[in-house]
Amino acid sequence: MAKRTSVVISQSPSQNPARRALEEDIVTALLMEPGIDVTIIPSLYDLTADSTGMLALQGVNGSMVMVTWLFPRAAHWILDRNQIRGHFGTTLMAAAEDTDDEDDDDEEESAEAEAKPRVIDERPLPDRSIYCLDMRATNRAADFIAEIKRIHLENNVQIVSIAGLNGQSKPVPSVAPPVPETSNGQGSNGAELPQANGSAQVQRIEDTGARRWYPVIDYSRCTNCMECIDFCLFGVYGTDRLDTILVEQPDNCRKGCPACSRVCPENAIIFPQHKTPAIAGSPEIGASLKIDLSELFGAPDQGKSAVEVAALERDEQLQLAGRNAVGMSVGIRPRESNGATSNGQVHESSAAKTSAVKDELDALMDQVDHLDL
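Note that the structure is predicted; figures quoted are calculated from it, not measured.

S.K.: With reference to specific residues and values, describe the overall build of the protein.
M.R.: A tally of regular secondary structure across the protein gives 11 helices and 12 strands. Counting every position in the protein, which comprises 373 residues, the buried fraction comes to 47%. Element-wise, carbon and sulfur atoms account for 51% of the exposed surface of the protein, whose accessible area totals about 18,800 Å².

Written out as structure tokens, the structure reads:
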């Protein structure tokens, strides 16, 4: 007997009517698919570890398909930090448009990245895959349904999480009775919810949590260098029993501040709701980048490196919290002598380099001037 596919709809805080319509279309189509179950939870990023919605996800076995408004990389590591782990599943939704030369560069950069030990290398993963589909890839519900059905056929049993509607959105079409629901798919009286049209089982989990802002660590890139814990002065980071870096106190993070992501040498820190794609987990940070990441990370000040911008952002948050600014004097480790990290991030501006060269030439000229020629 074929196993069923669980579809978990993670509601995003967006009020955009077009997004709502797309999500409703996907849900309605899934209700008509045999072997599909639908669960509706609040925003994945905003859920706390002990929330009913997160507990529901933790209770699901087998492979998982996440369809979210977040970047797939961000969605994967949000799940990971909540003990919902698995291997990256390959999807057909994100078609790359790179040229052959760019592909060669990616292979070279990936080889350099793999040379370093990563935290994920020491972490055993369960024998399942987590597939992440980006809702921004297309506005056609049929495209998502086709990919979900393809994955379902390949794996027989999957979990699909579709991030979408606001927690106060209109109910998904269903014949389920209006009784409170729990994370195990039962009503408050313990009764299992009936099926819609004999195919889909639907459960809705209400959880009125607040909007959150916290970093998410990509352990496939993290080398456990601890630069983030040195840099952050708000007690966000900590370590586990194996001295592996983790986000210990996420709600200590200062809302809107992405400074620690700028100082991470491996671009392993994600803020899923940040307006700058590179910080929010976009694909272009999937490998080492031989460019100045100041612009990529949305550095607001011309001529400043990503680390210098991070120091300014941290000072701003310290002052807002009634503390003294510390500038570049605290928690910023010296970089390589050429001003670049192993991932190509430049921490010394071109102007600064030019100034250093001029200083050396000036010194030589002074020495010549003092010679009795």
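S.K.: An account of the pattern of salt bridges is requested, with residue identities and associated values reported.
M.R.: Two side chains that carry opposite charge are able to pair once their charged atoms sit near each other. In total, this model carries 15 salt bridges according to the counting rule given. One salt bridge in this structure joins Glu 33 and Lys 149, with 3.8 Å as the shortest N-O distance. Of the two residues, Glu 33 sits in the loop between helix 1 (17–31) and strand 2 (36–41) while Lys 149 sits in helix 5 (residues 141–155), which places them 116 residues apart along the sequence. On the accessibility criterion, Glu 33 (18% relative accessible area) is buried. The class for Lys 149 is partly exposed, based on a relative accessible area of 39%.

S.K.: So what about the nonpolar core? Which residues, and what values?
M.R.: Counting residues in each nonpolar core, the largest one holds 50 residues, and the members touching the most others are Leu 57, Met 66, Leu 79, Tyr 237 and Ile 245. A per-element tally of this core places helix 3 (residues 72–81) first, with 5 residues. If near-sequence neighbours (up to four positions away) are discounted, Leu 79 is found in contact with Leu 44, Leu 57, Met 64, Met 66, Ile 84 and Ile 130. Ranked by size, the runner-up nonpolar core spans 23 residues in total, among them Ile 40, Met 93, Tyr 131 and Phe 144.

S.K.: With reference to specific residues and values, describe the pairing of strand 3 (residues 64–68).
M.R.: With respect to burial, strand 3 is a largely interior element, 5 of its 5 residues being buried. On strand 3, burial covers both faces: Met 64, Met 66 and Thr 68 on one face and Val 65 and Val 67 on the other are all buried.

S.K.: An account of the packing of helix 1 against helix 5 is needed here, citing residue identities and associated values.
M.R.: Direction vectors running N to C along helix 1 and helix 5 enclose 40°, while the axes themselves pass 9 Å from each other. Viewed along their axes, helix 1 and helix 5 adopt a mutual orientation that is oblique. The two elements helix 1 and helix 5 meet at a crossing, and its hand is right-handed. Mapping the contact onto sequence places Leu 22, Asp 25, Ile 26, Ala 29 and Leu 30 in helix 1 and Ala 141, Phe 144, Ile 145 and Ile 148 in helix 5.

S.K.: Help me get a handle on the packing of aromatic side chains, residues and values and all.
M.R.: The full count for this structure, using the stated rule, is 4 aromatic pairs. On the basis of an interplanar angle of 20° and a centroid distance of 5.1 Å, the ring pair of Trp 213 and Phe 271 is categorised as stacked. In this pair, Trp 213 sits in the loop between strand 8 (200–204) and strand 9 (216–217) while Phe 271 sits in the loop between strand 12 (269–270) and helix 8 (277–280), placing the two residues 58 residues apart along the sequence. Taking the relative accessible area as the measure of exposure, Trp 213 reaches 11% and is therefore buried. The exposure class assigned to Phe 271 is buried, which follows from its relative accessible area of 0%. It is Arg 136 that lies over the ring of Phe 71; its NZ or CZ is 4.3 Å from the centre. Its end group placed over the ring of Phe 231, Arg 314 keeps NZ or CZ at 4.0 Å from the ring centre.

About the cut-offs
- Residues numbered from 1 in each chain as written.
- Predicted model: local features only at pLDDT ≥ 70, side-chain atom pairs only at ≥ 80, totals over all residues.
- Heavy atoms only, no water.
- Helix = DSSP H or I, 4+ residues; strand = E, 2+ residues; numbered from the N terminus.
- Buried < 20%, exposed > 50% of the residue type's maximum accessible area, 1.4 Å probe, protein only.
- Areas by Shrake-Rupley, 256 points an atom, 1.4 Å probe, with all protein chains shown as cover.
- Salt bridge = Lys/Arg side-chain N within 4 Å of Asp/Glu carboxyl O.
- Core = buried A, V, L, I, M, F, W, Y, C linked by side-chain atoms within 4.5 Å.
- Contact = heavy atoms within 4.5 Å.
- Axes fitted to C-alpha atoms, helices over the stretch in contact; angles between N-to-C directions.
- Parallel < 35°, antiparallel > 145°, perpendicular 65-115°, else oblique.
- Left-handed = near helix turned anticlockwise from the far one by under 90°.
- Phe/Tyr/Trp six-rings, centres within 6.5 Å; stacked < 30°, edge-to-face > 60°.
- Lys NZ or Arg CZ within 6 Å of the ring centre and 35° of its normal.

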